[in-house]
Amino acid sequence: MKNLETERLLLNRWTLSEEDIDGLYAYAKDPDVGPNAGWKPHESREESRKIIEDLFLPNVVWAIREKETGQVIGSIGLEPDRRRENVKSMEIGYSLAKDRWGNGYMTEAARAVIDYAFRELGLEVVAICTGPENRRSQRVIEKCGFHYEGRQRKGYHIYNGSDRDNLMYSMIREEWEENEKR
């Protein structure tokens, strides 16, 4: 996993520093952020620290930082694609501080990770899922050039014990290559 840089953002590995723990907690405690992705709002700095330690550090998850300030404003990562066996595919997931919504930050970060996935990891497919109610995420997905595959009914068990539908999207290597030519 290497550091990625865009026009306005730095994407790099999380640390257990006070800055990263505070940065994650600052946006992850917001009740409008986590539930859209299927996870509960963080209840403490300790919970945010455990997420960094147990989930982000062992996996391919970047902290999204504003280049100008260095402030953590979100996370983005790649994980194994549970829907495609024996295919070089990973699934992208992300979250962003509510006060940064609507500024194109997530589209910018996602495009950098998609490029990394195809260029550096040699993937054949990058997949992404979101809930039917998460219109903001759907807009990012569309702007990045993913193709809608369908709706998986009750495909994701979320923090509150309920099962939600998934809207499934993917991008294949050939589509990414075609976009690169433009």
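For the structure itself, consult the block above.
Quick caveat: nothing in here was measured; it's all calculated off a predicted structure.

For this particular structure, what's the right way to read the side chain of D20?
Considering the arrangement of structural elements, one finds D20 in helix α1 (residues 18-28). Under the relative-accessibility criterion, D20 is labelled buried at 2%. Not counting chain neighbours up to four residues away, the residues in contact with D20 comprise R13, W14, T15, I52, R65 and V72.

What is the right way to look at the pairing of strand β5 (residues 89-96) in this model?
Across a regular strand the side chains alternate sides, sitting on one face of the sheet and then on the other. Summarising burial for β5: seven of the eight residues are buried, a large majority. Of the strand pairs in this sheet, strand β4 (residues 72-80) and β5 are connected by seven bridges, and their pairing is antiparallel. Paired with I76 across the bridge in β5 is Y94. Alignment of β5 against strand β6 (residues 125-130), held across three bridges, turns out to be parallel. Along β6, the bridge assignment pairs M90 with V126. Crossover connection from β5 via helix α4 (residues 105-119) to parallel β6: handedness right-handed.

I keep staring at α4 and nothing clicks. Help me out?
An α-helix turns once per 3.6 residues; consequently, residues spaced three or four apart project the same way. Compared with an ideal rise of 1.5 Å per residue, which puts 15 residues at 21 Å, α4 spans 21 Å between its outermost C-alpha atoms and is within 8% of the ideal. Of all 15 residues in α4, twelve are buried, a share of seventy percent or more. Residues Y105, M106, T107, E108, A109, A110, A112, V113, I114, Y116, A117 and F118 constitute the buried set of α4.

Quick notes on the rules
Counting starts from 1 at the beginning of each chain's written sequence and moves along it residue by residue. Side-chain atom pairs in this predicted model are given and counted only at pLDDT of 80 or more, local residue features only at pLDDT of at least 70, and totals for whole chains, interfaces and linings cover all residues. Only hydrogens and water are removed before side-chain values are computed, so all heavy atoms of the structure are retained for them. Labels follow the DSSP assignment, with helices taken as runs of H or I lasting at least four residues and strands as runs of E lasting at least two, numbered in each case from the N terminus. Residue exposure (1.4 Å probe, protein chains only): buried if accessible area is under 20% of the type maximum, exposed if over 50%, otherwise partly exposed. Contact definition: two residues touch when any of their heavy atoms are within 4.5 Å. Criterion used throughout: strands pair if DSSP finds at least two bridges between them. A clockwise course of the path from the first strand over the helix to the second, judged with the strands pointing away from the viewer, identifies a crossover as right-handed. Each helix should span, by expectation, one fewer than its residue count multiplied by 1.5 Å.

Note that every value here comes from positions in space, so none of it alone points to a role or purpose.
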